[in-house]
Amino acid sequence: MFFRNLTLFRFPSALDLAHLDEGLGEARLKPVGPLELSSRGFVSPFGRDAEALSHRIADAIWLTVGGEDRLLPAAVVNDLLARKLAEMEQKEGRKPGGRARKRLKEELVHELLPRAFVRPSRTSVLLDLEHGVCAVDTSSRKNAEAAVSEVRRALGSFPALPLNAEVAPRSVLTGWIAGEPLPAGLALGEECELKDAADHGAIVKCQRQDLESDEIARHLESGKQVTRLALTLDDHLSFVLGEDLVIRKLKFLDGAIDQLEGTEQEDLRAELDARFALMSGEFRRLFAILEPALKLSKADG
């Protein structure tokens, strides 16, 4: 269950979550109806057969937003609509008007929806109460906002805003490659993206590259700035940090995984519990390093 991406939001660390479980119960995922395109709600982080809709270890809470979407490709609807319109034109001797076409399309969607396949989805959310941070396991801002909206629906109020920095993140990332000291524990990886400062300027993407090489230095000398940078935290985490403050390609390394192998878990739930404890602990450690380095703004309240 390790998160693979982190889109981050800030909320007041003093936020009252006493009624969280009650709100989650009222916002539980319901099966998508035969005439609905989608349904959203909360499911158990521990899987389909579990009842608990949240799991807490110390100041970390794990939630899972579930979804069901009916797959009704527009191409299928449009193809069937074209056939129906051709039949009507041949029968009536004239092309149907705009209103008739719209009504027919709505009737076709109504007819096809109950037979459409349903695709389930799951999005994990970590609430770090110590730092007032909501981390959503996605690199898509749209999907992250949708997950936060579900938390807001469950709580009635959830003043979470996208993470914001008081300095330009690309200037910090560029400085780290240019030789400025990295925060303790962080080290450069082997991937970066550099962009020319001018609009529509050149973009250079490097992988498996020594980021302290002369080649990278020449890109910096030409005025390019770093917009994505691969980093490692000790031998525990590797990730790519973007100027949008999204953490991508998050991977737990041997130094972290070895902690799991040193414990014996009797069942799947106990294993997931141990993984969440490890992940939330490593996330808090990483955030505590990035917050002052990037001068991340705190939420009001």
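I will try to describe carefully the structure that is included in this document. Since the structure is predicted, the reported quantities are computational estimates derived from the model, not experimental observations.

Turning our attention to the side chain of N5. Of note, N5 is situated in the segment before β1 (7-10). Polar side-chain contacts of N5 include one of 3.4 Å to the backbone nitrogen of K249.

Let us now look at the environment of L155. Examined against the element boundaries, L155 turns out to sit in helix α4 (residues 141-155). Residue classification places L155 among the partly exposed positions, given a relative accessible area of 22%. When the C-alpha positions of L155 and E26 are compared, they lie 9.8 Å apart, and in sequence the two are 129 residues distant.

Turning our attention to the pattern of salt bridges. The full count for this structure, using the stated rule, is 14 salt bridges. E150 is the partner of R153 in a salt bridge, and the nearest nitrogen-oxygen pair spans 2.7 Å. One end of the pair is R153 and the other is E150, both in helix α4 and three residues apart, which spans about a single turn. In this structure, E291 engages K298 in a salt bridge whose closest nitrogen and oxygen atoms are separated by 2.9 Å. Judged by relative accessible area, E291 falls into the buried class, the value being 12%. Connected through salt bridges with shared partners, the residues R10, E291 and K298 form a single ionic network.

One broad trend across soluble globular proteins is that nonpolar side chains are buried collectively. Within the largest apolar cluster, 49 residues are counted, with the highest numbers of intra-cluster contacts made by L8, L186, L229 and I247. Element by element, the count of residues in this core is highest for helix α8 (residues 268-294), at 11 residues. Not counting the four nearest positions on each side in its chain, L8 is found in contact with V133, C134, A135, R141, P162, L163, L245, I247, F283 and F287. Among the nonpolar cores identified, the runner-up in size contains 23 residues, and F9, F11, A27 and I61 belong to it.

Now for the sheet that holds strand β8 (residues 186-195). What links the strands of a sheet is backbone hydrogen bonding, and the strands pair in either a parallel or an antiparallel sense. Strands sit in the order β9-β8-β10-β11-β12 across an open sheet of five strands; the sheet is antiparallel. Strands at the two margins of the open sheet, each flanked by one partner only, are β9 (203-207) and β12 (247-252). Averaged over all pairs of adjacent strands, the angle between their axes in this sheet comes to 20°, without regard to strand direction. Strand direction decides the pairing type here: strand β11 (residues 237-242) and β12, joined by four bridges, are antiparallel. By the bridge assignment for β12, S238 is matched with K251. Its contacts with the sheet put helix α5 (residues 169-178) on β8, β10 (225-233) and β11, and the angle it makes with β10 is roughly 65°. Its contacts with the sheet put helix α6 (residues 214-221) on β8, β9 and β10, and the angle it makes with β8 is roughly 50°.

Right, let's get into the side chain of E193. Here E193 is to be found in strand β8. Judged by relative accessible area, E193 falls into the buried class, the value being 11%. For E193, the residues in contact, after removing those within four places along its chain, are I203, V204, K205, Q225, V226, T227 and R228.

Criteria and cut-off values
- Just so you know, the residues in each chain are numbered from 1, in the order the chain's sequence is written.
- Restriction of local features to residues with pLDDT of at least 70 applies here, the model being predicted, together with a cutoff of 80 or more for giving and counting side-chain atom pairs; totals for whole chains, interfaces and linings are based on all residues.
- Only heavy atoms go into the side-chain values, all of them from the structure, while hydrogens and water stay out.
- Runs of H or I in DSSP of at least four residues are treated as helices and runs of E of at least two as strands, each being numbered from the N terminus.
- The definition of a polar contact used here is a pair of N or O atoms within 3.5 Å, where within protein one atom must be able to donate a hydrogen and the other to accept one, and adjacent residues in sequence count solely through side-chain atom pairs.
- The buried label applies to any residue whose accessible area, calculated with a 1.4 Å probe on protein chains only, is under 20% of its type's maximum; exposed applies above 50%, and partly exposed to all values in between.
- Only one rule defines a salt bridge in this text: a Lys or Arg side-chain nitrogen within 4 Å of an Asp or Glu carboxyl oxygen.
- Nonpolar cores are built from buried Ala, Val, Leu, Ile, Met, Phe, Trp, Tyr and Cys residues. Side-chain atoms within 4.5 Å join them into one set.
- In what follows, a contact means two residues having at least one pair of non-hydrogen atoms within 4.5 Å.
- DSSP-based pairing: two strands are paired if at least 2 bridges between them are found.
- Only C-alpha atoms enter the line fits that serve as axes; for helices the fit covers just the stretch in contact. Angles between N-to-C directions range over 0 to 180 degrees.

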